Amino acid sequence: METDSMKFIESPSSNHKSDRNPDRDSSLMMFQYFFLVASGVLAIVSFIIALVSLNGGNQCVNVNVSGGSPSSVSSGDDKIWMFAIGHSYLNIEYVDEVSGEVRGFDVDFINAVCRYANKNCQLVFDIYERCWNSEAGDVARGGDGLFSRYYDACAAWMQTYERMRVFQFTDPWSHADKGAFYVKKNNPRDFNWQDLSNQTIGFTDGVAYNEHCIARDDRIKGNKLRIEQIKIYKSRDALISAAINEDVDAVFDTVGGHTDITVIDKVSEDITVCIIAGFSMMTLKDSTLPKWWNPAQKKLMKTKEYRMICDDLKIQHGHWPGPTPESFCLGY
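As the structure is a prediction and not an experimental result, all values here were calculated from the model.

Cut-off values and rules
Residues numbered from 1 in each chain as written. Predicted model: local features only at pLDDT ≥ 70, side-chain atom pairs only at ≥ 80, totals over all residues. Heavy atoms only, no water. Phe/Tyr/Trp six-rings, centres within 6.5 Å; stacked < 30°, edge-to-face > 60°. Helix = DSSP H or I, 4+ residues; strand = E, 2+ residues; numbered from the N terminus. Buried < 20%, exposed > 50% of the residue type's maximum accessible area, 1.4 Å probe, protein only. Lys NZ or Arg CZ within 6 Å of the ring centre and 35° of its normal. Axes fitted to C-alpha atoms, helices over the stretch in contact; angles between N-to-C directions. Parallel < 35°, antiparallel > 145°, perpendicular 65-115°, else oblique. Left-handed = near helix turned anticlockwise from the far one by under 90°. Contact = heavy atoms within 4.5 Å. Disulfide = S-S within 2.5 Å. Nonpolar A, V, L, I, M, F, W, Y, C, P; charged D, E, K, R; others polar. Salt bridge = Lys/Arg side-chain N within 4 Å of Asp/Glu carboxyl O. 1 Å grid on protein atoms, 1.4 Å probe; cavity = no way out; pocket = protein on both sides within 12 Å on 5 of 7 lines; lining within 4 Å. Points joined across faces, edges and corners; volume = space filled by probe spheres on them.

## Some thoughts on the packing of aromatic side chains
Evaluated as defined, the whole model comprises 16 aromatic pairs. Aromatic side chains Phe105 and Phe109 sit 5.6 Å apart centroid to centroid with 15 degrees between the ring planes, which places their arrangement in the stacked category. Of the two residues, Phe105 and Phe109 both sit in helix H2 (residues 105-117), 4 residues apart, roughly one turn of that helix. Across the pair, Phe109 and Phe105 agree in class, each one buried. Counting every residue linked through ring pairs, the aromatic cluster contains Trp81, Phe83, Phe105, Phe109, Trp173, Phe279, Trp292, Trp293, Tyr306 and Phe328. Sitting over the face of the ring of Trp81, Lys79 holds its NZ or CZ atom 4.7 Å from the ring centroid. Here the basic side chain of Arg307 rests over the ring of Tyr332, its NZ or CZ set 4.0 Å away from the ring centre.

## Here's the deal with the packing of H2 against helix H8 (residues 304-311)
Where H2 contacts H8, the axes come no closer than 9 Å and their chain directions differ by 165 degrees. Put simply, H2 runs roughly antiparallel to H8. Of the two elements, H2 crosses H8, and the hand of that crossing is right-handed. Each of Phe105, Asp108, Phe109, Ala112, Arg115 and Tyr116 in H2 lies in contact with H8, whose residues at this interface are Glu305, Tyr306, Ile309 and Cys310.

## So, the state of the cysteines
Applying the stated criterion across every chain, the model contains 4 disulfides. In this model Cys114 forms its disulfide with Cys121; the gap between the sulfur atoms is 2.0 Å. Disulfide Cys114-Cys121: the torsion about the S-S bond is -100 degrees, which places it as left-handed. Overall, Cys114 belongs to the buried group, its relative accessible area being 0%. What makes Cys121 buried here is its relative accessible area of 1%. A sulfur-sulfur distance of 2.2 Å marks the disulfide that ties Cys310 to Cys329. For the disulfide bridge between Cys310 and Cys329, the dihedral angle about the S-S bond is near -115 degrees, and by the sign convention the bridge is left-handed. With a gap of 19 residues between them, Cys310 in helix H8 and Cys329 in the segment after helix H9 (325-328) connect regions that are remote in the sequence. Here Cys310 matches Cys329 in class, with each residue buried.

## Structural notes on the packing of H2 against helix H7 (residues 289-300)
As a packed pair, H2 and H7 sit with axes 8 Å apart at the nearest point and diverge in direction by 105 degrees. Between H2 and H7, the interaxial angle falls into the category roughly perpendicular. Across from Phe109, Ile110, Ala112, Val113, Cys114, Tyr116 and Ala117 in H2, the residues of H7 making contact are Trp292, Trp293, Ala296, Gln297, Lys299 and Leu300. Of the residues contributing to the contact of H2 with H7, the split by class is 11 nonpolar, 1 polar and 1 charged.

## Observations concerning the pattern of salt bridges
This model, assessed by the stated rule, comprises 18 salt bridges. Measuring nitrogen to oxygen at the nearest pair gives 3.1 Å for the salt bridge that ties Asp265 to Lys185. Taken together, the residues Asp265 in strand E13 (residues 264-266) and Lys185 in the loop between strand E9 (179-184) and strand E10 (201-204) connect sequence positions 80 residues apart. Residue Asp270 pairs with Lys266 through a salt bridge whose shortest N-O separation is 2.5 Å. Shared partners join several salt bridges into a network, and the residues in it are Lys184, Arg189, Glu246 and Asp249.

## Considering the layout of surface pockets
By volume, the largest pocket amounts to about 570 Å³. Residue lining of the largest pocket: 41 residues in total, with Met158, Tyr209, Arg236, Thr254 and Phe279 positioned closest to the centre. Counting residues per element, the ones that place at least two in the lining of the largest pocket are strand E1 (80-85), strand E7 (153-159) and H9. Looking at the lining of the largest pocket element by element, the count peaks at 4 residues for E7. Taken together, the residues of the lining of the largest pocket break down into 20 nonpolar, 12 polar and 9 charged.

See the structure below:
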């Protein structure tokens, strides 16, 4: 549509016919108009490309677990993905005494996946029961940290029958661990794992190695424990202390987490009915996390960097007990 600015307008003071060609001048003004518009569009496109060049790519994601402001790394969206992490006193997750931060395989692995996905990620330290809560004799259930959406996922939780009914999981990155019974060194109470009648058993709060797992193993007599036979401890450290101090007849826990611990003895065969799949990100059923996490994780696990992260279970984090790269890492 023609506009006033594009018309040839004769001066009111002129008393003679203009010697200019109206058609030629109109075409010239039309050309000038479209030239200005095109120049503006090109300028905007160039500005956008410059921003993408500055902010795009697989930039390193700073996973900060000790507080402070979130990472400033740019990604395809502005969302900061919040992941809860605890500490298991193992080379997988532990609190560094110098920095006060959580370190270990999980921190290294999550950092790398977020970088491959070009996502802003932040680890938040929290107690395990705010992700998954279990009480003696009661049905284990999801924690209020996830239900209240304080964070998007709980990092490094194994897939179990109970948890799958409540949450969804990303693809696993570790082998499914096994459970076992442990007692004080030399088994002073002569504990028999195949008969739990009237025995008191200790468990760590929120973990997969619980009384419900024992109940699924038909090799064990008295595998349906009564409430008074169950003692729940807040941490693995407290659980080990309970075994050493003989506060319970035995404790039930992961096999992989105690390969280097010499203060207690393993006194049972492996219990293999606790876990469906290994460590994964545990999140709400409606979360979109698996859509970007799984492809990025798959890409990472095909690289030499993944093997180096696994090797650091021994190299960087080997001063803490825990699993070996071979026993822990899928595809190692």
